[in-house]
Structure formats: C-alpha cells, structure tokens
Amino acid sequence: YKTVTKSVEDNVKILSSDFGRSVDVFESLCAIGSTRMTFKFKDDYSIYSNSGSVELHDLSKDESLIQIITPSTITIDTGSNSFGWAVSINSDFMAISSPFTSDRGAVFLFKSGSNGYE
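None of the values given here were measured: they were computed from a predicted structure. (Residues numbered from 1 in each chain as written. Predicted model: local features only at pLDDT ≥ 70, side-chain atom pairs only at ≥ 80, totals over all residues. Heavy atoms only, no water.)

### Topic: unusual backbone geometry
At step 1: Unlike most non-glycine residues, Glu-27 shows phi in positive territory, near 50°.
At step 2: Topologically, Glu-27 is positioned in the loop between strand 2 (22-26) and strand 3 (29-34). (Helix = DSSP H or I, 4+ residues; strand = E, 2+ residues; numbered from the N terminus.)

This is the structure in structure tokens:
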C-alpha cells in the first residue's frame, strides 16, 4: 500500500485540481492523469491554470515521481481541460487521451525508451 499525493512548494496554493482523474498501474509503474489545476502563488493575486498532465511514478521507490508529461510535450493543441482524461500503461507504451483535441478527440501514444516514455 502506498499513497501518492500531489506535492507543491510552500509558496503555491492549489485552488482546484482533479489530480487522480485517471489512474493505471503496471507492475511498479503508476500513471496518474490530471486534466486541470488552478493555483496561485502566496504573494501574488493572479490565478494560474495548468491544462493537464500525466505523472509517472515508480511505486517501488520512496521518491516515486519519475516523469511528468504535459501538453507542451506535444506540438498540437490538446483542447481545454482535456489532456490526461484517461491513461493506460504497460512496459512498452503509455496511452493518454485528450477528448477535446481538434474538436474530435485524440489519443497520444508514448513509447518506453531510455529517457522514459517518449
């Protein structure tokens, strides 16, 4: 049994998030999708938004976070609050859905390599 929580620095306050919207586990690998996060910095009145990410964790390690995949990894507009809607992982591939991409939806496939899933 291991709990994975979203970690943030002391100067960031998360206003809303759907971290854990989608989860898949393969052996010790755990992919966790989040389509949105709204946050602010303690000394700033502005509110910022993250449009989605997928975190990859190795549950056999104490410091489990090993990779974060965001829409900036891809050169296509993934739509608002869409990337990370669903995830699936195995030893060779990770699939990440983004149902609002280009008004038709998309699934992005990442192949496992020496630098993580690319």
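### A short note on the pairing of strand 10 (residues 106-113)
At step 1: Sheet analysis places strand 9 (residues 93-98) next to strand 10, joined by six bridges and oriented antiparallel. Counterpart to Ile-96 in the pairing with strand 10 is Phe-108.
At step 2: Both strand 10 and strand 11 (residues 116-117) contribute to a ladder of two bridges, which runs antiparallel. When the bridges of strand 11 are listed, Gly-113 appears paired with Gly-116. (Pairing = 2+ DSSP bridges.)

### Section: the side chain of Ser-98
At step 1: As for its position among the elements, Ser-98 is in strand 9.
At step 2: In this structure the side chain of Ser-98 is engaged in a polar contact, spanning 3.5 Å, whose partner is the backbone nitrogen of Phe-83. (Polar contact = N/O pair within 3.5 Å; in protein donor to acceptor, adjacent residues only side chain to side chain.)

### A closer look at the nonpolar core
The tendency in soluble globular proteins is for nonpolar side chains to be buried as a group.
At step 1: Counting 13 residues, the largest nonpolar core has Val-54, Ile-69, Ile-89, Met-94, Ile-96, Phe-110 and Tyr-117 as the members making the most contacts within it.
At step 2: Counting only elements with at least two residues in this core, the list comes to strand 3, strand 6 (53-58), strand 8 (87-89), strand 9 and strand 10.
At step 3: When neighbours within four sequence positions are excluded, Met-94 is seen to be in contact with Ala-31, Val-54, Leu-56, Ile-69, Ser-88, Ile-89, Phe-108, Leu-109, Phe-110 and Tyr-117. (Core = buried A, V, L, I, M, F, W, Y, C linked by side-chain atoms within 4.5 Å. Buried < 20%, exposed > 50% of the residue type's maximum accessible area, 1.4 Å probe, protein only. Contact = heavy atoms within 4.5 Å.)

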